[in-house]
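What follows is the residue order along each chain.
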Amino acid sequence: MAQEPEGNNRLLQDVLTRPGNETCADCGNPEPDWASLTLGVFVCQACSLLHRSIPHISRVKSIQETWEASDVELVAALGNTAAKAKYEQKVPAFYYRPTHTDCKLLREQWIRAKYERNEFEFIEKQEPYSSGYREGFLWKRGRDNGQFLSRKFILSEREGALKYFNKQDARDPKAVMKIETLNATFQPAKIGNPCGLQITYLKDNSTRNIFVYHSDAKEMVDWFNSIRAARFHYLQVAFPGASDEELVPKLTRNFMREGFMEKTGPKHTEGFKKRWFTMDDRRLMYFKDPLDAYARGEVFIGSKENSYTVQSGLPPSTQGCHWNHGITIVTPDRKFLFACETEAEQRDWIAAFQRVINRPMRPQEYAVEAHFKHKP
């Protein structure tokens with residue numbers, strides 16, 4: 001005799017409590033409330049919308065709806081753990097696995113790579129980002145005029161660099177970015193393109209930004225994972241005893257915090273100016289515009305053991321700020337004064353600074369501190 005709908009949904013709730021099914025199969029978000037009836041996985045609402053973009057592969061249904069017995073049997077027979085063993089069996093260590101906080105582009109391409117392209121079942125399908133060499137054209141933002149122009153990029157692990165060329169037939173690259181200091185982070189809102197990628201590297205110990213995109217989403221994510229692969233192989237050589245688990249967090253990083261604050265100069269008598277700030281690990285950089293190639297200045301944020309502190313508010317004698325929520329960073333050299341527009345922004349910036357200051361400095365960070373030039 002067939003189960004009543006209420007009985008089917010009770011069985012479904014039992015299936016949901018099994019290990020692996022309590023988080024989204026694709027982004028790890030807790031308490032998934034949708035399921036793919038064709039793939040047999042439980043996913044969150046955000047990922048269910050991305051599954052709808054591959055209807056030939058995945059048909060999704062809310063767990064709040066009435067379920068047929070055959071549908072419950074399917075997800076009971078499969079589930080997230082079994083699907084992971086199949087669809088993620090050969091994910092390279094360097095490949096970026098997005099979480100629910102990542103941009104739509106990364107999450108959608110992860111879902112397509114798993115279920116539509118089966119990239120992690122057949123290693124030969126990973127060649128575009130695992131071969132150690134990649135070349136192609138990306139739209140790059142011009143440093144001076146802000147226009148995006150097509151530029152040839154070459155990533156070579158053998159040469160230890162990412163290069164780009166201003167002219168298609170140019171022999172010499174316009175810039176050579178060493179894999180050693182390379183970072184990449186998706187910035188769709190800042191760049192104004194869903195595939196917008198910000199690439200940073202160090203040039204003369206200062207950070208240089210390059211903003212690129214490609215109209216093809218897979219192409220852009222393949223570039224991102226190619227950079228991660230190159231970084232992974234570089235770090236394996238640099239730290240031969242390190243495990244994959246130790247190296248993977250070092251491949252690429254998102255900025256700790258970004259946004260506008262006001263700042264004043266070293267004498268604290270100049271007027272406050274509005275600047276875009278980026279907190280990249282221990283480097284606090286400020287720019288006139290969020291898409292500037294170079295920072296106007298950089299501040300090294302050390303640890304509390306080395307006399308770095310962050311304080312709420314500004315010295316009583318401070319004048320000239322338009323925003324009322326001040327922050328003072330004390331370094332061994334001087335005090336840096338900033339002001340935020342809202343109390344919430346002040347609180348979030350102080351929390352970001354505090355996280356860095358509370359973390360003891362690593363040996364290589366002392367070398368960075370020694371070379372650092374505090375710019376006015």
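This text follows the structure it describes.
Residues numbered from 1 in each chain as written. Predicted model: local features only at pLDDT ≥ 70, side-chain atom pairs only at ≥ 80, totals over all residues. Heavy atoms only, no water.

A.B. asks: Got a minute to help me understand helix H3 (residues 69–77) in this structure?
C.D. replies: Side chains of residues three or four places apart in an α-helix project in the same direction, reflecting 3.6 residues per turn. Taken together, the buried positions of H3 are occupied by Asp 71, Val 72 and Val 75. All buried residues of H3 fall inside an arc of 100° around its axis, so they share one side. Facing away from the buried side of H3 by over 90 degrees, the exposed positions are Glu 73 and Ala 77. Gly 79, located one to two residues past H3, shows a positive phi value of around 90°. (Buried < 20%, exposed > 50% of the residue type's maximum accessible area, 1.4 Å probe, protein only. Helix = DSSP H or I, 4+ residues; strand = E, 2+ residues; numbered from the N terminus. Arc of directions from axis to C-beta.)

A.B. asks: Which parts of the structure should I look at to understand the sheet that holds strand S2 (residues 41–43)?
C.D. replies: For sheets, the rule is that strands pair by backbone hydrogen bonds, running either parallel or antiparallel. Taken together, the three strands give an open sheet; going across it, the order is S2-S1-S3, and neighbouring strands pair in antiparallel fashion. Among the strands making up the open sheet, the edge pair consists of S2 and strand S3 (60–62). Recorded for the sheet is a direction-independent mean angle of 30° between the axes of neighbouring strands. Judged from the three bridges that link them, strand S1 (residues 34–36) and S2 form a sheet pairing that is antiparallel. When the bridges of S2 are listed, Trp 34 appears paired with Val 43. (Pairing = 2+ DSSP bridges. Axes fitted to C-alpha atoms, helices over the stretch in contact; angles between N-to-C directions.)

A.B. asks: I keep staring at the side chain of Asn 193 and nothing clicks. Help me out?
C.D. replies: For Asn 193, the location among the structural elements is in the loop between helix H7 (188–191) and strand S9 (197–203). Using a relative accessible area of 16% as the deciding quantity, one classes Asn 193 as buried. Polar contacts involving the side chain of Asn 193 include one to the main-chain amide nitrogen of Cys 195, which spans 2.8 Å. (Polar contact = N/O pair within 3.5 Å; in protein donor to acceptor, adjacent residues only side chain to side chain.)

A.B. asks: Could you clarify how one ought to interpret the sheet that holds strand S8 (residues 183–186) in this entry?
C.D. replies: In space, the seven strands of this open sheet follow the order S7-S6-S5-S4-S10-S9-S8, with antiparallel pairing throughout. Two strands bound the open sheet, and with one partner strand each, they are strand S7 (175–178) and S8. In this sheet, neighbouring strand axes are inclined to one another by 35° on average, regardless of whether the strands run parallel or antiparallel. Where S9 lies against strand S10 (residues 206–213), seven bridges are found, and the strand directions are antiparallel. From the neighbouring strand, Leu 197 faces S10, where its bridge partner is Val 212.

A.B. asks: Help me out: how do you make sense of the packing of helix H5 (residues 104–116) against helix H8 (residues 217–238) in this one?
C.D. replies: The relative placement of two packed helices comes down to the angle between their axes together with the axis-to-axis distance. Relative to each other, H5 and H8 sit at 95°, their axes nearing to 10 Å. Here H5 is positioned roughly perpendicular relative to H8, judged by the angle of their axes. Contacts between H5 and H8 pair Leu 105, Leu 106 and Gln 109 from the former with Ala 217, Lys 218, Val 221 and Phe 224 from the latter. For the contact of H5 with H8, a count of residues per class yields five nonpolar, one polar and one charged. (Parallel < 35°, antiparallel > 145°, perpendicular 65-115°, else oblique. Contact = heavy atoms within 4.5 Å. Nonpolar A, V, L, I, M, F, W, Y, C, P; charged D, E, K, R; others polar.)

A.B. asks: Can you walk me through unusual backbone geometry in this structure?
C.D. replies: Leaving glycine out, the prevailing phi sign among residues is negative, and the prevailing peptide bond configuration is trans. Even without glycine at this site, Glu 31 takes up a positive phi of about 55°. Its location among the elements puts Glu 31 in the loop between helix H1 (5–16) and S1.

A.B. asks: So what exactly am I meant to see when it comes to the packing of aromatic side chains here?
C.D. replies: Ring pairs (aromatic) are described by centroid distance and by the angle formed between their planes. Scanning the entire structure with this criterion turns up 19 aromatic pairs. Ring centres of Phe 260 and Trp 276 lie 5.0 Å apart, and the angle between their planes is 80°; this geometry places the pair in the edge-to-face category. Taken together, the residues Phe 260 in strand S11 (residues 257–263) and Trp 276 in strand S12 (residues 273–280) connect sequence positions 16 residues apart. We classify Phe 260 as partly exposed; its relative accessible area is 30%. Given a relative accessible area of 14%, Trp 276 falls into the buried group. Relative to Phe 338, the ring of Phe 277 has its centre 5.2 Å away and its plane inclined at 80°; by these criteria the two rings are edge-to-face. Taken as a pair, Phe 277 in strand S12 and Phe 338 in strand S17 (residues 335–340) lie far apart in primary sequence, 61 residues in all. Overall, the relative accessible area of 0% leaves Phe 277 in the buried class. A connected cluster of aromatic rings, assembled from ring pairs, spans Phe 94, Tyr 95, Trp 110, Phe 120, Tyr 129 and Phe 232. Positioned above the aromatic ring of Phe 165 is the side chain of Lys 152, whose terminal nitrogen or guanidinium carbon lies 6.0 Å from the ring centre. Lys 274 extends its terminal NZ or CZ atom over the ring of Phe 260, reaching a point 4.6 Å from the ring centre. (Phe/Tyr/Trp six-rings, centres within 6.5 Å; stacked < 30°, edge-to-face > 60°. Lys NZ or Arg CZ within 6 Å of the ring centre and 35° of its normal.)

That is the geometry; function is a separate question.
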